[in-house]
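Tertiary structure, described
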Amino acid sequence: MKKGKKIHEGKAKIIYATHVKDLVIQYFKDDATAFNNQKKSTIEGKGVLNNRISEHILSNLSQIGIKNHLVKRLNMREQIIKLVEIIPIEFIVRNVATGSITKRLGIEDGTVLKEPLIEFCLKDDKLGDPLIAEQHILAFYWASKKEIDKVKKMILRINDFMIGMFRGVGIKLIDFKLEFGRLKVNGKEEVILADEISPDTCRLWDSITDKKLDKDRFRKDLGDLIPAYTEVAKRLGIEDGTVLKEPLIEFCLKDDKLGDPLIAEEHILAFDWASKKEIEKVKKMILRINDFMIGMFRGCLLYTSDAADDSLRVDLVGRRIIKK
Ligand code: UDP
């Protein structure tokens, strides 16, 4: 897919044209902004994580019939998406009250809502994305009644799915933001899910410790944003890094003072740390051990969370859970 001209640059993403009509490339930047752009920073690696997490969630949503703009992830920072006409509304979904709503309405932080609350904000940075009512959307033709009803139905399904998905990996879905867009399919206009779903756009708390695993780490200067986003990716089972064609064996000299430096096989022979015969034997054993361990770990759920409860010894299908 050929990358063309930049069409749009937002706070966290850039959209590029492609040579295919109606398909564009969405590039995830490392830029972080908060409080209507008053706080800004660059956090190396954030874009890569959001690209992977958003791909994971959107492709899972499409498997349950929630149409969305994702076509496929291209590489670490880019995905091909369908070009839509974005409805200029941010749909905020809340399961637990925190953030702006607690200040606006004097609600106690952490109040669990009886049922999900959908709020509407006008997408307008200059105005600070003001909260609006459904009636404003209709009065100013930002979307039709039919579109809003459709979007609300989709939102409730997305929320149920995401609450379940996160609960399964020990995370509470507190709130999140969604955007939708219009797409022409066979001459008919359809509303589909667009933008991204990631720790940048959700509030995610560890189920047991309430540790924040989302952009609040940046908003509230809590630090360790990348480890938190990585934790979310890991728990969702998103594979990290490049899968090697075949196992790679590296050698390090066992010497704490030198920091166990990486060495080549030639060093081992040159300094008589092991004989050629010994190294060959060890390499054969390593490959067998590796095969065995891959098989064993694949057969069970590797659960590496500190939050795992001691009583959680098996997952829902009875596989063993290994604690860190
Ligand atoms: N949110 C977002 N983009 C926005 C505003 C909100 O992704 O422009 C998300 C935010 O990450 C949170 C939820 O929507 O998960 C509710 O945000 P809230 O209105 O409480 O935001 P605050 O003003 O507290 O940042």
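These lines cover the structure that appears in this document, whether it is placed above or below.

Here we take up the site of the ligand. Inspection of the region around the ligand gives 15 residues, with Arg94, Ser100, Asp175, Arg203 and Arg219 positioned closest. At 2.7 Å from an oxygen atom of the ligand is found a side-chain nitrogen or oxygen belonging to Ser100. Between the ligand and Asp175 there is a distance of 2.6 Å, counted from an oxygen atom to a side-chain nitrogen or oxygen. Expressed as a share of its isolated accessible area of 520 Å², the protein-covered part of the ligand is 79%. Broken down by secondary-structure element, the contributors of at least two residues to the shell around the ligand are β9 (89–97), β12 (171–185) and β14 (202–206). By residue class, the composition of the shell around the ligand is three nonpolar, four polar and eight charged.

With that out of the way, let us pick up the environment of Glu196. Structurally, the position occupied by Glu196 is in the loop between β13 (188–194) and β14. Spatially, the C-alpha atom of Glu196 lies 9.0 Å from that of Lys177, the residues being 19 residues apart in sequence. Among residues more than four places away in sequence, those in contact with Glu196 are Ala12, Lys13, Phe28, Asn50, Ser54, Lys177 and Thr201. For Glu196, the side chain forms a polar contact with the side chain of Lys13, separated by 2.7 Å. Looking at Glu196, its side chain comes within polar contact range of the side chain of Ser198, at 2.6 Å.

Backbone geometry at Asp22 places phi at a positive 75 degrees, although glycine is not the residue there. Tracing the sequence through the fold places Asp22 in the loop between β2 (13–18) and β3 (23–28). Of note, Asn186 is a non-glycine position whose phi angle comes to about 50 degrees, a positive value. Along the chain, the position of Asn186 falls in the loop between β12 and β13.

Quick notes on the rules
Residues numbered from 1 in each chain as written. Predicted model: local features only at pLDDT ≥ 70, side-chain atom pairs only at ≥ 80, totals over all residues. Heavy atoms only, no water. Near = heavy atom within 4 Å. Polar contact = N/O pair within 3.5 Å; in protein donor to acceptor, adjacent residues only side chain to side chain. Areas by Shrake-Rupley, 256 points an atom, 1.4 Å probe, with all protein chains shown as cover. Helix = DSSP H or I, 4+ residues; strand = E, 2+ residues; numbered from the N terminus. Nonpolar A, V, L, I, M, F, W, Y, C, P; charged D, E, K, R; others polar. Contact = heavy atoms within 4.5 Å.

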